[in-house]
Amino acid sequence: MNIREDDDWSIVIKPKGKKYTLNLKEVWQYRDLLMLYVKRDIVTMYKQTIMGRLWFVIQPLMTTVMYMFVFGGIAGISTDDLPQPLFYMAGILAWQYFAECLGRSSSTFTGNAGVFSKVYFPRLVVPYSGLISSLIKLGIQMFLLFIFYMYYIYHGVNIAPTTFIIALPLLILMLAGLGMGFGIIISSMTTKYRDLALFFGFVTQLWMYATPVIYPLSEVRSKLADYAWVAELNPLTPIVEAMRYALFGTGTFTWGTLGYSFAFMVVVMVIGSWVFNRVERKFIDIV
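Residues numbered from 1 in each chain as written. Predicted model: local features only at pLDDT ≥ 70, side-chain atom pairs only at ≥ 80, totals over all residues. Heavy atoms only, no water.

### A word on the overall build of the protein
Here is the rule we go by: Helix and strand assignments come from DSSP, with helices taken as H or I runs of at least 4 residues and strands as E runs of at least 2, each series counted from the N terminus. Burial classes: relative accessible area under 20% of the type maximum marks a residue as buried, over 50% as exposed, and values in between as partly exposed (1.4 Å probe, protein chains only). By the convention used here, residues are in contact when the closest approach between their heavy atoms is within 4.5 Å. Note that accessible areas follow from Shrake-Rupley with a 1.4 Å probe, and for residues the cover is restricted to the protein chains shown.
The helix and strand tally for the protein stands at 13 helices and zero strands. Ordered by position from the N terminus, the helices and strands of the protein form the series α-α-α-α-α-α-α-α-α-α-α-α-α. Scored against the burial criterion, the 287 residues of the protein give a buried share of 45%. Contacts in the protein between residues far apart in sequence, at least 24 positions, make up 81% of those at least 6 positions apart. Taken as a whole, the protein presents about 16000 Å² of accessible surface, with 66% of it coming from carbon and sulfur.

In structure tokens, the structure reads:
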């Protein structure tokens, strides 16, 4: 079929060149599809389960109880004088949101190869939908944290939010950025080397123990000073500590360390977007 130059085309689909581009404008044009993906994630997450969406609440609640028993009771790890449920739940919610963003983004190519090979739409729709659906789940879980919060305030526990709480959306955005950045890097690498998915899954499990989820950073500095640098280099550490500081007024928080995490997030997002952009053009031939 001959195509004339004066033909009026509403949509033109063509291969991307080598120039780096995210084409966020196109993602916005497919926002209806993005919302459909978000709805699918929420509906199918606990489909055909007895408890249904109650798992949004049960999961962090049971994890908190287990941490209280193992790390707070048996191991006797300090919680910076915070009630154990508040300390552990705040860390759990921050970590789980990051881990879910990482997990959903890391399966972008391998988990959607069948769809990508048949239909065109911006591939970034998939990881973005994971961030949004996980954010909705986080919002429900934060309400559970608020209930515990009000319980302890009612019983006279000396806790109070700081003015830094206005930066809480920024901290959540940083968790999402780090999760998606690392996730799309992993997704791009595992299109060719599938066994890397197992390796990165193992690394993610270890990563949690290098993040102050079950212990405060002050505890590491006082008891394991020689290894404190491991936790301090972790870009998630300042974010988790800043969240506790914002919500409860305790935690090791400085603007310098938070700036380090933000810069780290930007670098990871730029590298991840560049790698994603390159792999996106040819991954169908690989998978």
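### Concerning the packing of helix α11 (residues 236-248) against helix α12 (residues 255-280)
Rules: Comment: axis = line fitted to C-alpha atoms, over the contacting stretch for helices; angle = value between 0 and 180 degrees taken between N-to-C directions. Here the word oblique covers every angle except those under 35 degrees (roughly parallel), over 145 (roughly antiparallel) and from 65 to 115 (roughly perpendicular). Should the near helix be turned anticlockwise from the far one by less than a right angle, the crossing is termed left-handed; should it be turned clockwise, right-handed.
Running from N to C, α11 and α12 point in directions that differ by 130°, and their axes come no closer than 8 Å. Between α11 and α12, the angle is such that the two are oblique. As α11 packs across α12, the resulting crossing turns out to be left-handed. Residues P238, I239 and A242 of α11 form the contact with α12, whose own contacting residues are T257, L258 and S261.

### With respect to helix α7 (residues 168-190)
To keep it simple, the criterion reads: Helix span, as expected, comes to 1.5 Å for every residue beyond the first.
Its 23 residues give α7 an end-to-end C-alpha distance of 33 Å, which sits within 8% of 33 Å, the value for a rise of 1.5 Å per residue. Most of α7 is tucked away, with 18 of its 23 residues classed as buried.

### So, the confidence of the model for the protein
Heads up, the condition is: Confidence scores labelled pLDDT are given residue by residue by the predictor and lie between 0 and 100.
Per-residue pLDDT for the protein averages 83, and the proportion of residues at 70 or more is 87%. Model confidence for the protein, summarised as mean pLDDT per element, is weakest for helix α13 (residues 283-286) at 58 and strongest for α11 at 93.

### Digging into a nonpolar patch on the surface
Put simply, the test is: Think of a patch as exposed residues, more than 30% relative accessible area, with no salt bridge, where like charges cluster within 9 Å and nonpolar side chains (Val, Leu, Ile, Met, Phe, Trp, Tyr) cluster within 5 Å. Any Lys or Arg side-chain nitrogen found within 4 Å of a carboxyl oxygen on Asp or Glu counts as a salt bridge.
On the surface, F143, F146, I147, M150 and I153 cluster together into a nonpolar patch covering about 480 Å² of accessible area. Along the chain, F146 turns up in helix α6 (residues 125-154).

### Structural notes on the pattern of salt bridges
Applying the stated criterion across every chain yields a total of six salt bridges. Note that D41 is salt-bridged to R104, the shortest N-O span being 3.5 Å. Taken together, the positions of D41 in helix α2 (residues 31-45) and R104 in helix α4 (residues 84-106) put the pair 63 residues apart, joining distant regions of the chain. By relative accessible area, which is 6% here, D41 ends up buried. The salt bridge involving R244 is made with E241; its shortest N-O contact spans 3.8 Å. Here R244 pairs with E241, and both are found in helix α11, just three residues apart, close to one helical turn. There is no split in this pair, since R244 and E241 are both buried. Ionic contacts of the salt-bridge type, sharing partners, join the residues R40, D41 and R104 into one network.

### As for unusual backbone geometry
A positive phi angle, close to 55°, is found at D80, a residue other than glycine. With a phi close to 65°, D81 is a non-glycine residue in the positive phi region. For D81, the position within the fold is in the loop between α3 (55-74) and α4.

### Some remarks on the packing of aromatic side chains
The condition that has to hold: In this analysis, rings of Phe, Tyr and Trp, with Trp reduced to its six-membered ring, are considered paired at centre separations within 6.5 Å, and the interplanar angle assigns stacked below 30 degrees, edge-to-face beyond 60, and tilted for intermediate values.
Tallying each qualifying case throughout the model produces 18 aromatic pairs. Judged by centre distance (5.5 Å) and plane angle (85°), the ring pair of F87 and Y88 falls under edge-to-face. When the centroid spacing of 6.3 Å and the interplanar angle of 55° are considered together, the rings of F164 and Y245 count as tilted. Taken together, the positions of F164 in the loop between α6 and α7 and Y245 in helix α11 put the pair 81 residues apart, joining distant regions of the chain. Overall, F164 belongs to the buried group, its relative accessible area being 7%.

### Focus on the environment of S188
Assignment of secondary structure puts S188 in helix α7. Here S188 falls in the buried class, since its relative accessible area comes to 6%. Each C-alpha atom, one on S188 and one on S105, is 9.9 Å from the other, the two residues being 83 residues apart in sequence. Excluding its chain neighbours within four sequence positions, the residues that come into contact with S188 are F109, V275, F276 and V279.

### Examining the packing of α3 against α4
The description of two packed helices rests on the angle between their axes and on the distance between the axes. Applicable threshold: Polar here means any residue outside two lists: the nonpolar Ala, Val, Leu, Ile, Met, Phe, Trp, Tyr, Cys and Pro, and the charged Asp, Glu, Lys and Arg; Gly therefore counts as polar.
Between α3 and α4, the least distance of the axes is 9 Å, while the angle of their chain directions is 125°. Put simply, α3 runs oblique to α4. For the element pair α3 and α4, the recorded crossing hand is right-handed. Mapping the contact onto sequence places Q59, P60, L61, T63, T64, Y67, M68, F71 and G72 in α3 and Q84, P85, Y88, M89, I92, L93 and Q96 in α4. Of the residues contributing to the contact of α3 with α4, the split by class is ten nonpolar, six polar and no charged.

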